[in-house]
Amino acid sequence: MALVAGVDSSTQSCKVVIRDAETGRLVRQGRANHPDGTEVDPELWWTALGEALAEAGGIEDVDAVSIAGQQHGMVCLDEQGRVVRPALLWNDTRSAGAAADLVTELGPEFWSGAVGSVPVASFTVTKLRWLAEHEPEAAARTTAVCLPHDWLTWKLSGSTDLAALVTDRSDASGTGYFDGRTNQYRRDLLERALGHDALLPRVAGPVAAVGRVGDAMIGPGAGDNAAASLGLSAGDDVVVSLGTSGTVFARSAQQADDASGLVAGFADATGAFLPLVCTLNAARVLDAAARMLGVSLDELSNLALKAAAGAQGVVFVPYLEGERTPNLPDSSGALHGLTLANSTRENLARAAVEGMLCGMAACLDALSAQGVAVEKVRLIGGAARSEAVRQIAPSVFGVPVLALEPGERVADGAARQAAWVLNGDTAPPLWTEQLAPPKCFEAPASPWVRERYAEASVKYLNR
Ligand SMILES: Nc1ncnc2c1ncn2[C@@H]1O[C@H](COP(=O)(O)OP(=O)(O)O)[C@@H](O)[C@H]1O
Ligand SMILES: O=C(CO)[C@@H](O)[C@H](O)COP(=O)(O)O
């Protein structure tokens, strides 16, 4: 039996699944935590990967491995391949001013036309501009720039040669200096941001073997959302992922071109595209609400389900990390509409779930405005484990919600890519044993919840 390993090096943790390459049956798994914070020494990801692989029983008997990871993070390397400074993650908003400058210099239409997306603080290109302006010495020492999954793939291969750095289209498309239509880097945009050219990872095709670790082939890997899309075989369904980030995406034959900046024109992991909308506030909104109420996440879910839709007028505006969609990097969260009568633990719990979901519903609207049909959604990510989220989501989204058994969809997608690399077929393997059929949640739409949220959230912009 051939085995494949898939890795998800995500914001909060590193997860590994080892599956049967032919059927997709889960054989072993492991995980390890990442540190908190939006600036992280990449060595800590490497340590976590080692721990997660060890917990999964190692990869000595594995035939192929692929690494997926959080998108956009800026990993700068010097001439010797050493990390120049801690990586700035996708949810670090210090480059919001740099993003605004880059958009003003060239115009939003230019950006969406050139690279499919109008950069916000999450994009690598804005972090490089921030580096050039605030840490010019570190910018000058930057010989190569890569992304979290590229760096881990390189480390796993054992190479120290910068020329061996490799990425894939999906993650390259989140940099802000790669055009997924031509599959070419826009070095002019890299130079505009960093102040000089730099070595960038080679962009490998979706099924290229890019190296070896022991006897195992290494696949090109992917950005985490693209890996989830590959793992789910979601067809035309729209996916809502509720991890640290909240993302909404769907496969498409065309690169998005949204000059409003709401929809990012990313590439997927199969050679197509993945229009995507992303918030900074998803699962951690529920973590924060549970902390405030002094309850577990399961208790938070029970409380939320005891309150009526609309939480008797309480609105939780969820901009706890600032926000990316809408682009409000300096905003903060708020509890709105409290009265003596509605100030209950149940309403607060419900408002947290509804607030997070209303943020995602706006993302669904943005995707739909780009021509993507939103007839039902597939729910994944850590917060999709919450029963309250599963039951309330269809009423906020206004469409049925398909929820799978809890699992590691990004790591699964990376494993499926590894199996594809191994068998070299024209299409990814059909993994009959991988996914139990999703459970469908339906509920009458509750548009007044979104209306009340819209009224409340507008009062807290940039505060
Ligand atoms: N039962 C649950 N209810 C709500 N949130 C949950 C539950 N289980 C896990 N989570 C949350 O999911 C998040 C982690 O999800 P994950 O998709 O792994 O995030 P990331 O990929 O960004 O690291 C954490 O914030 C965690 O608290
Ligand atoms: O920035 C984006 C997508 O553009 C995020 O989706 C990151 O890729 C982080 O993902 P999670 O760790 O939240 O899954």
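Note that this is a predicted model, so its numbers are computed, not measured. (Residues numbered from 1 in each chain as written. Chains lettered and ligands numbered in written order. Predicted model: local features only at pLDDT ≥ 70, side-chain atom pairs only at ≥ 80, totals over all residues. Heavy atoms only, no water.)

**Student:** I'm lost on the packing of aromatic side chains in this one. Help?
**Tutor:** Two aromatic rings, taken as a pair, are described by how far apart their centres are and by the angle between their planes. This structure, assessed with the given rule, holds 4 aromatic pairs. Consider the rings of Tyr177 and Tyr185, whose centres lie 6.3 Å apart with planes at 40 degrees: the pair is tilted. Here the two residues Tyr177 and Tyr185 agree in accessibility, since each one is buried. Three or more aromatic residues link up through ring pairs in this structure, and these residues are Tyr177, Phe178 and Tyr185. (Phe/Tyr/Trp six-rings, centres within 6.5 Å; stacked < 30°, edge-to-face > 60°. Buried < 20%, exposed > 50% of the residue type's maximum accessible area, 1.4 Å probe, protein only.)

**Student:** What is the right way to look at the UniProt feature "binding site: substrate" (unreviewed entry) in the protein in this model?
**Tutor:** Mapped onto this structure's residue numbering, the UniProt feature "binding site: substrate" (unreviewed entry) falls at Gln71 and His72. Turning to its location among the elements, Gln71 is positioned in the loop between strand 5 (64–69) and strand 6 (75–77). Using a relative accessible area of 7% as the deciding quantity, one classes Gln71 as buried. In contact with Gln71, other than residues within four places in its own chain, are Trp90, Ser170, Asp171, Gly174, Gly223, Asp224, Asn225, Phe266 and Leu276. In this fold, His72 is placed in the loop between strand 5 and strand 6. For His72, a relative accessible area of 3% corresponds to the buried category. In contact with His72, other than residues within four places in its own chain, are Trp90, Ser122, Phe123, Thr124, Lys127, Leu147, Asp171, Gly174, Phe266 and Arg324. (UniProt positions renumbered as here; feature names shortened; annotations may be inferred. Helix = DSSP H or I, 4+ residues; strand = E, 2+ residues; numbered from the N terminus. Contact = heavy atoms within 4.5 Å.)

**Student:** How should I be thinking about the sheet that holds strand 24 (residues 439–441) in this particular structure?
**Tutor:** Strand pairs in the sheet, formed through backbone hydrogen bonds, run parallel or antiparallel to each other. In spatial order, the strands read 18-19-17-16-22-23-24; together these 7 strands make up an open sheet with mixed pairing. A strand with exactly one partner marks an edge of an open sheet, and here the two such strands are strand 18 (264–267) and strand 24. Each neighbouring strand pair of the sheet contributes to a mean axis angle of 30 degrees, computed without reference to strand direction. In the sheet, strand 22 (residues 377–380) pairs with strand 23 (residues 401–403) via 3 bridges, with the strands oriented parallel. Note on strand 23: the bridge partner recorded for Val377 is Val401. Against the sheet, helix 12 (residues 345–369) contacts strand 16 (238–242), strand 17 (246–249), strand 19 (273–279) and strand 22, and its axis sits at roughly 145 degrees relative to strand 19. (Pairing = 2+ DSSP bridges. Axes fitted to C-alpha atoms, helices over the stretch in contact; angles between N-to-C directions.)

**Student:** Sorry if this is basic, but what is going on with the site of ligand 1 here?
**Tutor:** Among the 15 residues in the neighbourhood of ligand 1, the closest are listed as Ser10, Gln12, Lys15, Thr244 and Asp287. Ser10 places a side-chain nitrogen or oxygen 2.6 Å from an oxygen atom of ligand 1. Between ligand 1 and Gly382 there is a distance of 3.0 Å, counted from an oxygen atom to a backbone nitrogen or oxygen. Burial of ligand 1 by the protein amounts to 81% of the accessible area it has alone, namely 580 Å². (Near = heavy atom within 4 Å. Polar contact = N/O pair within 3.5 Å; in protein donor to acceptor, adjacent residues only side chain to side chain. Areas by Shrake-Rupley, 256 points an atom, 1.4 Å probe, with all protein chains shown as cover.)

**Student:** Would you mind going over helix 9 (residues 224–232) with me for this structure?
**Tutor:** Along an α-helix, residues three or four apart share an orientation, since each turn contains 3.6 residues. Counting buried positions along helix 9 gives 9 out of 9 residues, so the element sits mostly inside the fold. By the burial criterion, the buried members of helix 9 are Asp224, Asn225, Ala226, Ala227, Ala228, Ser229, Leu230, Gly231 and Leu232.

**Student:** Quick question: what am I supposed to make of the pairing of strand 17 here?
**Tutor:** Side-chain positions along a regular strand alternate between the two faces of the sheet. Burial along strand 17 is two-sided: Gly246 and Val248 and Thr247 and Phe249, pointing in opposite directions, are all buried. Here strand 16 runs beside strand 17; their pairing, made up of 4 bridges, is antiparallel. The partner of Val239 across the bridge, within strand 17, is Phe249. The hairpin turn running from strand 16 into strand 17, its antiparallel successor, is 3 residues long. Note: strand 17 against strand 19, 4 bridges, orientation antiparallel. Within strand 19, the residue paired with Gly246 across the bridge is Thr279.

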